[in-house]
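Breakdown of the fold
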Amino acid sequence: MSSVQVIKSPAAMSAWSEAARARGERIAFVPTMGALHAGHLSLLAAARAHGERVALSIFVNPTQFGPNEDLARYPRDLAGDLAKAAAAGTDVAFVPAVPDMYPPGAQTVVEVREVSQGLCGDRRPGHFAGVATVVCKLFGIVRPHVALFGEKDFQQLAVVRRMVADLSLPVAVVGCPTLREPDGLAMSSRNVYLSPAERARAVAVFRGLSAARERFRAGERRAEILAEVALTDIAAAVDRVDYVEVRDADSLRPIAHLEQPAVILAAVFLGTTRLIDNMRLP
Ligand code: AMP
């Protein structure tokens, strides 16, 4: 099995990319926070189709965590990640340390306005500014032609698309479908936090979203009713519902009646673990 080249310094990462570009190679990039699971690996597999070179980043970005969130205990497994990435055909892993990404004196924050508001944006103040800033920096360092993101983090994908358009960044953004466990639970690095009992209850999020999609297929078009259908299953199983909402799939604006592509999104707590998921309608 081939191994992955690990690069820690931003300057060395940019040099690697410039050399690849000089050879005429396209670079497909998958940013992650590590603790890789099959969902991440599906992005790396998809990346192969978009470029001769596949770059992965592993960086648990402190600026996208709130003060009471799980930054300190976020799962980390660099050796395991590198083995999985190698098996998935990754060429290079950019693994910077926090001071490399945020040297003293930094003053710039990327704020994507409307699409960062509501949903996770309201519940996690500053989260999407942290995401947009680090993704913008990673694009500047890794210099990819294409970057792949999961639809699992639907609002994040919308924020990144908006940022790339608004700042005229020379990167093509590709969204990829959510990989799920056999029972439907969306794969997430945070699933390891769940106790066996919480893990069993967590599948209700998928069940609720699926029930809403079935109701949509049966002809229901009122957003409020569809959200209620999902909420019935979800609220019965989880410890706290952060939100269950139907939004326009492109703008993420609230909608009352589904006449255009929409998405139903949910965020819940099981114990102290916060999980998110979504499903497109149709
Ligand atoms: P993370 O490491 O959680 O920041 O995720 C890194 C990338 O993997 C993001 O683009 C996520 O949307 C994507 N991702 C996370 N979970 C899944 C999943 N279950 N299926 C597909 N992509 C995912």
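Attention in this report is confined to the structure presented alongside it. (Residues numbered from 1 in each chain as written. Predicted model: local features only at pLDDT ≥ 70, side-chain atom pairs only at ≥ 80, totals over all residues. Heavy atoms only, no water.)

On to the site of the ligand. H40, G150, D153, L179 and M187 are the nearest of the 17 residues found near the ligand. Contact between the ligand and G150: an oxygen atom at 2.9 Å from a main-chain N or O atom of the residue. In the environment of the ligand, an oxygen atom lies 2.7 Å from a nitrogen or oxygen atom belonging to the side chain of D153. A total of 490 Å² of accessible area belongs to the ligand in isolation, and the protein chains cover 93% of it. Contributing elements (two or more residues each) for the shell around the ligand: strand 2 (27–32), helix 2 (38–48) and strand 5 (146–150). Top contributing element to the shell around the ligand by residue count: helix 2, with 3 residues. Here the residues of the shell around the ligand are counted per class, giving 8 nonpolar, 7 polar and 2 charged. (Near = heavy atom within 4 Å. Polar contact = N/O pair within 3.5 Å; in protein donor to acceptor, adjacent residues only side chain to side chain. Areas by Shrake-Rupley, 256 points an atom, 1.4 Å probe, with all protein chains shown as cover. Helix = DSSP H or I, 4+ residues; strand = E, 2+ residues; numbered from the N terminus. Nonpolar A, V, L, I, M, F, W, Y, C, P; charged D, E, K, R; others polar.)

On to the pattern of salt bridges, then. As enumerated under the stated definition, the model contains 18 salt bridges in all. A salt bridge links D166 to R162; its shortest N-O distance comes to 2.7 Å. Taken as a pair, D166 and R162 lie in helix 7 (residues 154–166) at a separation of 4 residues, close to a single helical turn. According to the relative accessible area criterion, D166 is partly exposed, its value standing at 48%. (Salt bridge = Lys/Arg side-chain N within 4 Å of Asp/Glu carboxyl O. Buried < 20%, exposed > 50% of the residue type's maximum accessible area, 1.4 Å probe, protein only.)

Looking now at the side chain of H37. Mapped onto the elements of the fold, H37 is located in the loop between strand 2 and helix 2. A residue is classified by how much of its surface remains accessible, and H37, at 19% relative accessible area, is buried. Those residues in contact with H37, other than ones at most four positions away along the chain, are M187, S188 and S189. (Contact = heavy atoms within 4.5 Å.)

Under the definition given, this model contains 4 aromatic pairs. A centroid spacing of 5.8 Å and a plane angle of 80° characterise the contact between F65 and Y74, whose relative ring orientation is edge-to-face. The residues F65 and Y74 share a single accessibility class, namely buried. Ring pairing ties together the aromatic residues F29, F139 and F149, which thus form one cluster. (Phe/Tyr/Trp six-rings, centres within 6.5 Å; stacked < 30°, edge-to-face > 60°.)

Inspection of the secondary structure puts V241 in strand 7 (residues 240–248). Those residues in contact with V241 that sit more than four places away from it in its chain are L231, I234, A235, A267 and V268.

Read across the sheet, 6 strands follow the order 1-4-3-2-5-6 without closing on themselves; strand pairing throughout is parallel. Two strands in the sheet have a free side with no partner beyond their single neighbour: strand 1 (5–7) and strand 6 (172–176). Neighbour to neighbour, the strand axes of the sheet diverge by 25° on average, direction disregarded. Inspection of the sheet shows strand 2 paired to strand 5 by 2 bridges, in the parallel sense. The partner of F29 across the bridge, within strand 5, is A147. (Pairing = 2+ DSSP bridges. Axes fitted to C-alpha atoms, helices over the stretch in contact; angles between N-to-C directions.)

This paragraph deals with the side chain of E25. Relative to the helices and strands, E25 resides in the loop between helix 1 (10–22) and strand 2. In this structure E25 comes out as buried when scored by relative accessible area, which is 14%. For E25, the side chain forms a polar contact with the side chain of R53, separated by 3.0 Å. Setting aside residues no more than four positions away along its own chain, E25 makes contact with A20, E52, R53 and H145.

Moving on, we get to the nonpolar core. M13, F94, V135, F139 and F149 are the most contacted members of the largest nonpolar core, which has 43 residues in total. At the level of elements, helix 1, strand 2, strand 4 (92–94), helix 6 (127–142), strand 5, helix 7 and strand 8 (262–270) are the ones that each hand at least two residues to this core. Lining this core are residues from two domains, each supplying at least three of them: domain 1 (5–176) and domain 2 (189–276). If you look at the next biggest cluster of nonpolar residues, it comprises 25 residues, including L185, V205, V246 and L275. (Core = buried A, V, L, I, M, F, W, Y, C linked by side-chain atoms within 4.5 Å. Domains from an automatic or database assignment.)

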